[in-house]
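Topology and contacts: notes
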Amino acid sequence: MNNYILVYGEVLDYPQQASIDKSGNAYYKFNLAVTRNSGIVDILPVIVQEDTKSFEVLADIDEEGEIIGQKLLVSGEIRTRNLDVKEHSKVDVSIRAFNIEVREEYLGKTNQVIINGHICKGICTRETPRGIKIADVTLAVNREDGSKQSDYIPSVMWNGTAIRATERLNVGECIEATGRLQSREYIKKLGSGEEEPRTAFELSVNSYEPLKTKETV
């Protein structure tokens, strides 16, 4: 797989229908609270397709008791789509669940991602008021479901990793990136002068390795 995510957390809300595709398949969405080792909690959206094994797990939980508060181990892929919201473009990021397990306890990593993607935009760098260097990277990941579609995953690299990526990586190169999917609250200043709270979802990259592809051999 060139796009893999595994998260463990607590269900925060009841799954609600989010969309229906051209084939009539319904998709349901719920939010999962995933706690980092530092204690910070990421609120991550999970999408489940109707009439799949993952959906059946949720239905069984609903029949036996309460979904909200249930602790789940979820594996799948990071999916993205572009939305037009209030006259601006927004990337919608979610976890497409392929497997769900009920786990009261789990001792492994609660949030781990491994993806192979191409750098599709020039890497932008910035620095926080505390001097932390950040590189903003967008990774294009080809889906392996035969749809010929790609997911464009917003990613961030930190300090030394950010500096090396800026110096060594170019648009079109393919890398294997490992890290975690995180949520981040921020305030967006609108053209009218008003401010609007928003949530961004991004891959926080711990490490990466350049990969050779047919185009680069």
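For clarity, every value in this text was computed on a predicted model and none was experimentally measured.

The next thing to look at is the overall build of the chain. Scanning the chain for helices and strands turns up 2 helices and 12 strands. Helices and strands in the chain line up, N terminus first, as β-β-β-β-α-β-β-β-β-β-β-α-β-β. Over its C-alpha atoms the chain spans a radius of gyration of 18 Å, differing by no more than 12% from the 17 Å that the globule rule assigns to 217 residues. Across its three principal axes, the chain shows a C-alpha extent of roughly 55 × 50 × 40 Å. A total of 217 residues make up the chain; the buried ones form 39% of that total. Taking contacts inside the chain between residues at least 6 apart in sequence as the whole, the part at least 24 apart equals 59%. Put simply, the chain shows about 12900 Å² of open surface, and 47% of that area lies on carbon and sulfur atoms. One finds the centroid of the 27 positive side-chain charges in the chain at a distance of 8 Å from the centroid of its 34 negative side-chain charges.

All right, on to the nonpolar core then. Membership of the largest hydrophobic core comes to 38 residues, with the highest contact counts inside it found for Val74 and Met157. Ignoring anything within four residues of it in the chain, the contact list for methionine 157 reads Lys133, Ile134, Ala135, Val137, Ala162, Ala165, Ile175, Val205 and Tyr208.

The next subject is the pattern of salt bridges. Counted according to the given criterion, the structure contains 10 salt bridges. Notably, a salt bridge pairs aspartate 92 with arginine 81, separated by 3.3 Å at the nearest N-O pair. One end of the pair, aspartate 92, is in strand 6 (residues 88-102); the other, arginine 81, is in strand 5 (residues 71-85), and 11 residues separate them in sequence. Aspartate 92 sits in the buried class, given a relative accessible area of 18%. Exposure remark for arginine 81: the relative accessible area of 45% places this residue in the partly exposed category.

This part covers the pairing of strand 4 (residues 41-49). With 7 of 9 residues buried, strand 4 is to be regarded as a mostly interior element. Summarising the sheet, strand 3 (residues 26-35) and strand 4 pair through 9 bridges and their orientation is antiparallel. Paired with lysine 29 across the bridge in strand 4 is isoleucine 47.

Locating asparagine 3 in the fold gives a position in strand 1 (residues 3-11). A relative accessible area of 2% means that asparagine 3 is categorised as buried. A distance of 2.9 Å separates a polar atom in the side chain of asparagine 3 from the backbone oxygen of isoleucine 78. Apart from the residues lying within four places of it in its own chain, the contact partners of asparagine 3 are Gly76, Glu77, Ile78, Ile114, Ile115, Val141, Asp151 and Ile153.

On the secondary structure map, valine 171 appears in the loop between helix 2 (159-168) and strand 11 (174-189). With relative accessibility at 54%, the residue valine 171 sits in the exposed group. Residues valine 171 and arginine 79 lie 92 residues apart in sequence; the distance between their C-alpha atoms is 21 Å. With sequence-adjacent residues up to four places away left out, valine 171 is seen in contact with Ile119, Cys120, Lys121 and Gly122.

Glancing now at helix 1 (residues 53-64). One turn of an α-helix holds 3.6 residues; hence residues three or four places apart share an orientation. With 12 residues, helix 1 extends 17 Å from end C-alpha to end C-alpha; this agrees with the ideal 16 Å at 1.5 Å per step. Looking at helix 1, one finds that the buried residues are Ser54, Leu58 and Ile61. Buried residues along helix 1 cover an arc of 60° about the axis, so they all sit on one side. Relative to its buried face, helix 1 has exposed residues pointing more than 90 degrees away, namely Lys53, Glu63 and Glu64.

For helix 2, the complete set of buried residues consists of Thr161, Ala162 and Ala165. One side of helix 2 carries all its buried residues, which in axial view fall inside an arc of 100°. Relative to its buried face, helix 2 has exposed residues pointing more than 90 degrees away, namely Glu167 and Arg168.

What counts, and where the lines are drawn
- Residues numbered from 1 in each chain as written.
- Predicted model: local features only at pLDDT ≥ 70, side-chain atom pairs only at ≥ 80, totals over all residues.
- Heavy atoms only, no water.
- Helix = DSSP H or I, 4+ residues; strand = E, 2+ residues; numbered from the N terminus.
- Rg over C-alpha atoms; globule rule 2.2 N^0.38 Å.
- Buried < 20%, exposed > 50% of the residue type's maximum accessible area, 1.4 Å probe, protein only.
- Contact = heavy atoms within 4.5 Å.
- Areas by Shrake-Rupley, 256 points an atom, 1.4 Å probe, with all protein chains shown as cover.
- Lys, Arg positive; Asp, Glu negative; His and termini not counted.
- Charge placed at Lys NZ, Arg CZ, Asp CG, Glu CD.
- Core = buried A, V, L, I, M, F, W, Y, C linked by side-chain atoms within 4.5 Å.
- Salt bridge = Lys/Arg side-chain N within 4 Å of Asp/Glu carboxyl O.
- Pairing = 2+ DSSP bridges.
- Polar contact = N/O pair within 3.5 Å; in protein donor to acceptor, adjacent residues only side chain to side chain.
- Expected span 1.5 Å × (residues − 1).
- Arc of directions from axis to C-beta.

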